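Now for the letters of each chain:
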Amino acid sequence: MIMNMNMNESITTGAILNRAAVTGLALGAVSTAYMFAVQYLPQTIPSAIAVTVLTMVLWIAKFVGCILIIRAAMQRTADSYDGVERRHTRRLGIFAALFSALIYSAASLADILYINPGEIDEAFDMIMGEYSKFLDSNSLTMIDGYKENLPTMTFFSNLIYCFLYGTIVASILSRYIPDVDPFAGFHDSGTDVEEQ
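Residues numbered from 1 in each chain as written. Predicted model: local features only at pLDDT ≥ 70, side-chain atom pairs only at ≥ 80, totals over all residues. Heavy atoms only, no water.

Novice: Looking at this structure, I do not really get the overall build of the protein chain. What am I missing?
Specialist: A tally of regular secondary structure across the protein chain gives six helices and zero strands. Helices and strands appear in the protein chain in the N-to-C order α-α-α-α-α-α. Sequence separation of at least 24 residues holds for 81% of the intrachain contacts in the protein chain that already meet a minimum separation of 6. Split by element, the accessible area of the protein chain, about 12,700 Å² in all, is 64% carbon and sulfur. (Helix = DSSP H or I, 4+ residues; strand = E, 2+ residues; numbered from the N terminus. Contact = heavy atoms within 4.5 Å. Areas by Shrake-Rupley, 256 points an atom, 1.4 Å probe, with all protein chains shown as cover.)

In structure tokens:
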């Protein structure tokens, strides 16, 4: 029989951060892989319907996969250490959300600035071609300013969105991990219903 080396050891902040970092790395990798897969699907599959369906399937797989990764990390932590409470698993999930948000946001920023820098120019050129006749010079100047700030805004909007999403998922899952006996205090007090 193989026993876990951490059993009977109390959970520490360092252990929570270590597990959160590994979990955040996994979550960030899944989200980044999804981003690049969806980005290059139209170039590899000629059918727009197939691309749409495959994108939807990949998004569902990413969504469910991320929830399962957080849940597994919380459950493994609860099983590995004594005294793990719901506040510990919630903290683990929040730190994992922060780490994964940083990884995904950095990957998204690298994509915009270095991997596919021309996509922003193409998108803005298309918008300007369509709407420039309806816009005055002040509006066009504002759009150019927006274009210059888009990488920064994308980084922070991804960071905030991913962190909030992960925090909400962690808060929901931590309500059930670890399992808590609501009658533990009743049993420990020595009072039993059958005795009364």
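Having seen it, we continue.
Novice: Sorry if this is basic, but what is going on with helix 1 (residues 13-44) here?
Specialist: At 3.6 residues per turn, the α-helix brings residues three or four places apart onto the same side. End to end, helix 1 covers 45 Å across 32 residues, agreeing with the expected 46 Å (1.5 Å per residue, within 8%). In the structure, helix 1 departs most strongly from a straight axis at Val 38, where the bend amounts to approximately 25° and where the proline Pro 42 lies between one and four residues downstream. (Expected span 1.5 Å × (residues − 1). Bend = angle between axes of the 7 residues up to and from the residue.)

Novice: Whenever I open this one, the nonpolar core confuses me. Can you help?
Specialist: The tendency in soluble globular proteins is for nonpolar side chains to be buried as a group. In terms of nonpolar packing, the biggest core is built from 18 residues, with Ile 11, Ile 70, Met 74 and Leu 92 touching the most fellow members. Elements supplying a minimum of two residues to this core: helix 1, helix 2 (48-80), helix 3 (86-115) and helix 5 (137-174). Take this core: its biggest share by element is five residues, from helix 2. In this structure Met 74 touches Thr 89, Arg 90, Leu 92, Gly 93, Ala 170, Leu 173, Ser 174 and Ile 177, once residues within four positions along its chain are discounted. Counting seven residues, the second-largest nonpolar core is a separate cluster that includes Met 35, Ala 101, Tyr 104 and Leu 159. (Core = buried A, V, L, I, M, F, W, Y, C linked by side-chain atoms within 4.5 Å. Buried < 20%, exposed > 50% of the residue type's maximum accessible area, 1.4 Å probe, protein only.)

Novice: Looking at this model, I keep getting lost on the packing of aromatic side chains. Mind explaining?
Specialist: Given two aromatic rings, one states the distance between the centres and the angle between the planes to describe the pair. All chains considered together, the criterion is met by five aromatic pairs. Ring centres of Phe 63 and Tyr 165 lie 5.9 Å apart, and the angle between their planes is 40°; on these two criteria the pair is classed as tilted. In this pair, Phe 63 sits in helix 2 while Tyr 165 sits in helix 5, placing the two residues 102 residues apart along the sequence. Among the residues examined, Phe 63 registers a relative accessible area of 32% and is labelled partly exposed. Relative to Phe 99, the ring of Phe 95 lies with its centre 6.5 Å away and its plane at 20°, an arrangement referred to as stacked. (Phe/Tyr/Trp six-rings, centres within 6.5 Å; stacked < 30°, edge-to-face > 60°.)

Novice: I keep staring at the pattern of salt bridges and nothing clicks. Help me out?
Specialist: Oppositely charged side chains can pair when the atoms bearing their charge come close. Counted by the stated rule, this structure contains two salt bridges. Where Arg 87 meets Glu 85, a salt bridge forms, and the shortest distance between an N and an O atom there is 2.9 Å. Given a relative accessible area of 40%, Glu 85 falls into the partly exposed group. Here Lys 147 ties to Asp 121 by a salt bridge, and the two come within 3.1 Å at their closest N and O atoms. Taken together, the residues Lys 147 in helix 5 and Asp 121 in helix 4 (residues 118-131) connect sequence positions 26 residues apart. (Salt bridge = Lys/Arg side-chain N within 4 Å of Asp/Glu carboxyl O.)

Novice: I would appreciate a short explanation of the packing of helix 3 against helix 5 in the present structure.
Specialist: Each pair of packed helices can be described by the angle between their axes along with the distance between the axes. Relative orientation of the contacting elements helix 3 and helix 5 amounts to 155°, with a least axis distance of 8 Å. In terms of orientation, helix 3 and helix 5 fall into the roughly antiparallel class. Crossing angle aside, the handedness with which helix 3 passes helix 5 is right-handed. Of the residues belonging to the contact of helix 3 with helix 5, the class tally is 16 nonpolar, ten polar and two charged. (Axes fitted to C-alpha atoms, helices over the stretch in contact; angles between N-to-C directions. Parallel < 35°, antiparallel > 145°, perpendicular 65-115°, else oblique. Left-handed = near helix turned anticlockwise from the far one by under 90°. Nonpolar A, V, L, I, M, F, W, Y, C, P; charged D, E, K, R; others polar.)

Novice: Can you walk me through the environment of Thr 152 in this structure?
Specialist: Within the secondary structure, Thr 152 is located in helix 5. We classify Thr 152 as partly exposed; its relative accessible area is 45%. On a C-alpha basis, the gap between Thr 152 and Ile 112 in space is 10.0 Å, while along the polypeptide they are 40 residues apart.

Novice: Looking at this structure, I do not really get the packing of helix 4 against helix 5. What am I missing?
Specialist: Where helix 4 contacts helix 5, the two axes come as close as 11 Å, and the packing angle between them is 160°. One finds that helix 4 runs roughly antiparallel with respect to helix 5. Helix 5 is crossed by helix 4, and the crossing has right-handed handedness. Contact residues: helix 4 offers Ile 120, Asp 121, Phe 124 and Met 128, while helix 5 offers Leu 140, Ile 143, Tyr 146, Lys 147, Leu 150 and Pro 151. Among the residues forming the contact of helix 4 with helix 5, the class breakdown is eight nonpolar, no polar and two charged.

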